[in-house]
Amino acid sequence: MTTKYRPRVLDNLLKRKLEGIGAVLLEGPKLCGKTTTAEQFANSVLYMANPEDREENIQMANLKPSLLLKGATPRLIDEWQLAPELWDAVRFEVDHRAQVGQFILTGSAVPADRSTIFHTGTGRIAWLKMRTMSLFESGDSSGQVSLSTLFNGDLNIEGVNNLGIEDIAYLTCRGGWPTAIDQPRQSSLDRAFDYYDAIVNVDVSRVDGIKREPERTKLLMRSYARNLGTSVSVSVLRNDMINNDEKNLSETTVLSYLNALKQIFVIEDLPAWNPNLRSKTSIRTADTRYFSDPSIATAALGLGPDDLLNDLKTFGFLFETLCIRDLRVYTDALLGTIYHYRDKNNLECDAVLHLRNGHYGLVEIKFGGDKLIEEGASTLKALASKIDLQKMREPSFLMVLTAVGRYAYQRDDGVLVVPIGCLKN
């Protein structure tokens, strides 16, 4: 059965890159859909990991890599990292062909051995990060509220949210894995657990060839899941793990495991935002902890939708991770970056969406309900009032992003209230 391709927010950005540079490297979590998306743009494909040709492909990459690069362009080289020599070969071909849109490189859970790579590829190869599906991409968000429109100055929003709290619990546990989207409910929930099992048993050790213990990886991922949305230190994670780890466990070891998980795109922390403020305020600079997809956290904790509905505090942290994932997908498409803000007075902002042109929006993530929405709006207005408008432009918008709530609307004070089920890029 052929599955219809679901357009990705990244599609337009990939098209743009191919129109301006010789090659594009598409990176991201395993199973997020890199190869499928790249296939939509490719006119020829080399599957390096095809069992029938794998050894021959690797041998040819050593002997004469240029033969592997022959084919209609853009040519997709899937799992290119199996033969790192292909990187320099691609760079060389791009230089000598002097044409854009020649190659797309994709890779999965095992990073390339870059010690064998001579050239960085600067100016020849662009890097794009692909993420798991946002709710708009999976068809679960109506997309009636567009971040692009907000950044263009139109804050006259309206939208109807069709997702209830049970839906959000399910979508948090299902995650944004493309193979899960059209599957029956129980099968779709299994995908995150399958992914989690592959991480702890195989992928975390394949990163650099260092054998890492599955049980220790599980302990770290559980600790990480319990500390989502916080800036806890490595020592805090270690102490949390050591209560259940009889062996000696150093911070260096924990850091090694964390770096491995980062390299395979399992975790992706949020850096701190450092705005110009009217008064001198000490800003916290530690990154905020997040998984790349909320379902990784639910799998690490062994939770399902019903568990979240029975533990709203935990649900809140996991919902925040879902929102950060979606905001990252949408902001990437706008050529922006997401940060968090926290100062010495514990004034926090969950997400600052900052575009290249200097425009930015402030977002607080709340479950919903009048009290929490009011708290979020107050936080946003407090932070906005601190910004030195002589040195920075004012925020393009202030938004409270919610799990539930029937409508998307603008409050009398200008703050936007938007259910995640109404948002798109």
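The structure reproduced in this document is the subject of the present report. Please read all numbers here as calculations on a predicted model, not as lab measurements.

Some remarks on the overall build of the protein chain
When helices and strands are counted, the protein chain shows 15 helices and 14 strands. Computed over the C-alpha atoms, the radius of gyration of the protein chain is 22 Å, within 12% of the 22 Å expected from 2.2 N^0.38 for a compact globule of 425 residues. Considering only C-alpha atoms, the protein chain reaches an extent of 65 × 55 × 50 Å along its principal axes. Contacts in the protein chain between residues far apart in sequence, at least 24 positions, make up 73% of those at least 6 positions apart. A total of about 19,000 Å² of accessible surface is found on the protein chain, and carbon and sulfur atoms cover 47% of it.

Details of the sheet that holds strand β12 (residues 407–410)
The strand order across the open sheet built from seven strands is β7-β12-β13-β11-β10-β9-β8, with neighbouring strands paired in mixed fashion. For this open sheet the edge positions go to β7 (159–160) and β8 (336–342), each flanked by a neighbour on one side alone. Taken together, the four bridges between strand β11 (residues 397–402) and strand β13 (residues 416–419) define a ladder with parallel strand orientation. Note that in β13 the partner of V400 across the bridge is V417.

A word on unusual backbone geometry
Residues T73 and P74 are joined by a peptide bond in cis, for which omega reads -5°. Tracing the backbone through its elements, the reader meets P74 in the loop between α3 (54–63) and β3 (75–78). Phi angles above zero are rare outside glycine, and E79 is one such case at about 60°. Judged by relative accessible area, E79 falls into the buried class, the value being 16%.

With respect to the side chain of D11
By the element assignment, D11 lies in helix α1 (residues 10–18). Buried charge without a partner: D11 forms no salt bridge, and the closest opposite charge is R8, 6.4 Å away. With sequence-adjacent residues up to four places away left out, D11 is seen in contact with Y5, T37 and F41.

Quick notes on the rules
- Residues numbered from 1 in each chain as written.
- Predicted model: local features only at pLDDT ≥ 70, side-chain atom pairs only at ≥ 80, totals over all residues.
- Heavy atoms only, no water.
- Helix = DSSP H or I, 4+ residues; strand = E, 2+ residues; numbered from the N terminus.
- Rg over C-alpha atoms; globule rule 2.2 N^0.38 Å.
- Contact = heavy atoms within 4.5 Å.
- Areas by Shrake-Rupley, 256 points an atom, 1.4 Å probe, with all protein chains shown as cover.
- Pairing = 2+ DSSP bridges.
- Buried < 20%, exposed > 50% of the residue type's maximum accessible area, 1.4 Å probe, protein only.
- Lys, Arg positive; Asp, Glu negative; His and termini not counted.
- Salt bridge = Lys/Arg side-chain N within 4 Å of Asp/Glu carboxyl O.

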